[in-house]
Amino acid sequence: MPFSPSSTPPPLVISFSAERGKIRKVKSPMSFSKTKYELVENSGTKDGAYLVKYGDHFLMGEKDGKSDQVKAPTEMGGWRNAVQEAAASKPLFVTIYATVVVGIVASSFYVFSAIYSPSASTTQSISTSWLSSPPLSQDGVSHSGNNISQPTGKALQPGSNQLRPILDVPPSTSKMPPLESFRLTKELVGQRAKDNVIIVTFGNFAFMDFILTWVKHLADLGVSNFLVGAMDTKLLEALYWKGVPVFDMGSHMSTIDVGWGSPTFHKMGREKVLLINSILPFGYELLMCDTDMVWLKNPLPYLARYPDADILTSSDQVVPTVVDDRLADWKQAGAAYNIGIFHWRPTEAAIKLAKEWKDMLLSDDKIWDQNGFNELARKQTGPAVDDDSGIFYAFDGNLKLGILPESIFCSGHTYFVQAMYEQLRLEPYALHTTFQYGGTEGKRQRLREAMVFYDPPEYYDAPGGFLSFKPSIPKSLLLDGEHNLESHFSLINYQIKQIRSAFAIASLLNRTLVMPPLWCRLDRLWFSHPGVLEGSMTRQPFLCPLDHVFEVNVILKDLPEEEFGSAISIREYSFLNNPLLPQQVKDSWLDVQLCQEGTDDCHASSNTSRPGLLRFPRNSTEETFKTVFSSFKDVKVIQFSSMQNAFLGFTDKTREEKFRNRMKRYVGIWCCVEKHTPGHIYYDMYWDEKPGWKPAPPETPEEDHPPF
């Protein structure tokens, strides 16, 4: 039933209490996403009196007592009229408004004391407090006294709209419940479900940090109706002791990273299908997610806009089909449906598809789960269910399917390469780390670049400190001329040479290198293309992810020190702008300005020209770097104005040889040239030592190897 903001408000289903200081939306049994209700306060009495904000007006209502609906509310013209009317009608409401005022004052005091408290750093509060926020435990009982919202003593009903705590860290003195208590049951799902919706992800211990990041984002969004499936007992135990609502999948999986495309990876895909088939018969809507994605905005109101859809799925679409937040145009969306984010309703049609999908995968272990889903869903495509929803008939002609818009339920391409949401001025709901080239490490790196990954505090204050630099790219390399192979490689090679020097200096000073932002003129894919995908919104040049050029998984790998020298840690280019960076790191900073030795105030000395600024000669030697910067070993961040001609070279030839072995393995390929097999071109960290070097694909199989 459509609802006009100017019409009389319909009855409400109240979802009361506040979460972390945020007012919760009040949900209507009709098209609640079109309403503008906010619950301001509830009386806490058995009569159930409520004050509800609707636009610029305030409404009073009383709970029926026989249902969860509020009686037709009375419109009120504002705070003053509301108070006067309340005082004239029922003394009860005077108490309500007094409670609101007291609550605001108390909340303000709490916020300001938290901000200005000298006893705890901002970073600690942001990065670790969520792990100790107490939610509902496995048995539905909170074991902590500092819950986000205290239970009322009344048991939560399955699918209840009441706010439940999100995270609940068990007391360290308690014992972990037996494994069988973590079995997936209808009752367990019902304890966590809200508005009949449950959000689920799953994984093994190797993805613990991804799972905690996934949980953290939902918790910050005020979303509590989620569960995490543990594929091994090590993960289950770790999540339990961090207060994360977890269940045992009984998979008995390895705790290590299995690698994309491996047999174990495909086994994980089958576990997803089995999980969907287990939960749908419980009668709950299921938002199934991969662990390598994060929620940037609460998706539940968006999904509720399409109640007629049996399934809403994300896709690998890279060419926009719509320019607003409607569902994607299914007639234009030819890319694969991506099962990393999809929403199932427990309808007959969805359950039938889930069963056929399970049967297909169990009968042939060579079928990839996503391919199987696409094969079944695309048995029939169309017609449209109606004229405007974007939902269409699929599968057997009865299933109603919708494709989530590619601009705001983002793939790794639409988010990191195209920044489609940004160009269309939309707010993204989700980010899925697809379209990347560095395995699990590459996914982690991309989320860090976007500053949406949550690392432990020590990540932001590494021993030895950090080294960064400004890349100082000439405008001609970035913007002039055509965007082609030659201009792309000229731009990349200029940056590679500086990064090579930065790695060398970081190794000399035993510092962690903060990688610079990397600019590309051409996209990277797995197949031949003209430079960027036709029809996409890729701008040239664009800020490209590190894995477009560098082998992130190799950089982060433990290479044998006897062959490759000491490891050189890195941080993402956005690291120094991350809000989680501790103040003690921000306050300990040295700017190094390269200069020509012999000019005014340019000497190989540790004397600063002014506090926080050191003028340092270009083309300095290994010994000069070690000598001068030994005086600044306690400085957290050393930032160079440039790396162009900063380092003359190693004097220790053994060290240099090991360093070169390491560097040669750090760069990857660009792919791919059209009408040429193979079409990839290898990047070369030492391209400048090869006269006449030009970007070209290998001509023979013998030439098809990295430059080492």
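Reading the values: rules and limits
- Residues numbered from 1 in each chain as written.
- Predicted model: local features only at pLDDT ≥ 70, side-chain atom pairs only at ≥ 80, totals over all residues.
- Heavy atoms only, no water.
- Helix = DSSP H or I, 4+ residues; strand = E, 2+ residues; numbered from the N terminus.
- Buried < 20%, exposed > 50% of the residue type's maximum accessible area, 1.4 Å probe, protein only.
- Contact = heavy atoms within 4.5 Å.
- Areas by Shrake-Rupley, 256 points an atom, 1.4 Å probe, with all protein chains shown as cover.
- Disulfide = S-S within 2.5 Å.
- Axes fitted to C-alpha atoms, helices over the stretch in contact; angles between N-to-C directions.
- Parallel < 35°, antiparallel > 145°, perpendicular 65-115°, else oblique.
- Left-handed = near helix turned anticlockwise from the far one by under 90°.
- Nonpolar A, V, L, I, M, F, W, Y, C, P; charged D, E, K, R; others polar.
- Pairing = 2+ DSSP bridges.

(A) Quick peek at the overall build of the protein chain. The secondary structure content of the protein chain amounts to 20 helices and 28 strands. Each of the 708 residues in the protein chain was classed as buried or not, and the buried ones make up 52%. Of all intrachain contacts in the protein chain linking residues separated by at least 6 positions in sequence, the fraction that spans at least 24 positions is 67%. Total accessible area on the protein chain is roughly 31800 Å²; 53% of this is exposed by carbon and sulfur atoms.

(B) How the structure looks around the state of the cysteines. For the structure shown, the criterion picks out three disulfides. Sulfur-sulfur distance for the disulfide between Cys520 and Cys544 comes to 2.1 Å. Classification of the bridge connecting Cys520 and Cys544 rests on its S-S torsion, roughly 65°, and on that basis the disulfide is right-handed. Taken together, the residues span a long stretch of sequence, with Cys520 in strand E19 (residues 518-520) and Cys544 in strand E20 (residues 542-544) at a distance of 24 residues. Exposure remark for Cys544: the relative accessible area of 3% places this residue in the buried category. Here Cys671 engages in a disulfide with Cys672; their sulfurs sit 1.5 Å apart.

(C) Layout of the packing of helix H15 (residues 485-509) against helix H19 (residues 622-629). Interaxial distance between H15 and H19 falls to 10 Å at its minimum, and their mutual angle equals 55°. As judged from the angle between their axes, H15 and H19 are oblique. Crossing of H15 over H19 shows right-handed handedness. On H19, the residues that touch Ile505, Leu508 and Leu509 of H15 are Glu622, Phe625, Lys626 and Phe629. Of the residues contributing to the contact of H15 with H19, the split by class is five nonpolar, no polar and two charged.

(D) Region of the structure containing the sheet that holds strand E18 (residues 512-514). The six strands are arranged E21-E18-E17-E25-E22-E23 in an open sheet whose pairing can be described as parallel. In this open sheet, the two strands that pair with only one neighbour each are strand E21 (570-571) and strand E23 (613-617). Bridge count for E18 against E21 is two bridges, and the pairing is parallel. If you follow Val514 over to E21, its bridge partner there is Arg571. H15 rests against strand E17 (466-469), E18, E21 and strand E25 (637-640) of the sheet, and its axis sits at about 155° to E17. Most of the contacts of H19 go to E23, to which it runs at about 160°, and overall it touches strand E22 (589-595), E23 and E25.

(E) A look at unusual backbone geometry. For the peptide bond that leads from Gly382 to Pro383, omega is 5°, which places it in the cis range. As for its position among the elements, Pro383 is in strand E12 (residues 381-384). In this model, Cys671 is joined to Cys672 through a cis peptide bond whose omega is 0°. Within the secondary structure layout, Cys672 lies in the loop between strand E27 (669-670) and strand E28 (681-682). The backbone of Lys675 shows a phi angle near 55°, a positive value even though the residue is not glycine. Its location among the elements puts Lys675 in the loop between E27 and E28. The class of Lys675 is exposed, set by a relative accessible area of 88%.

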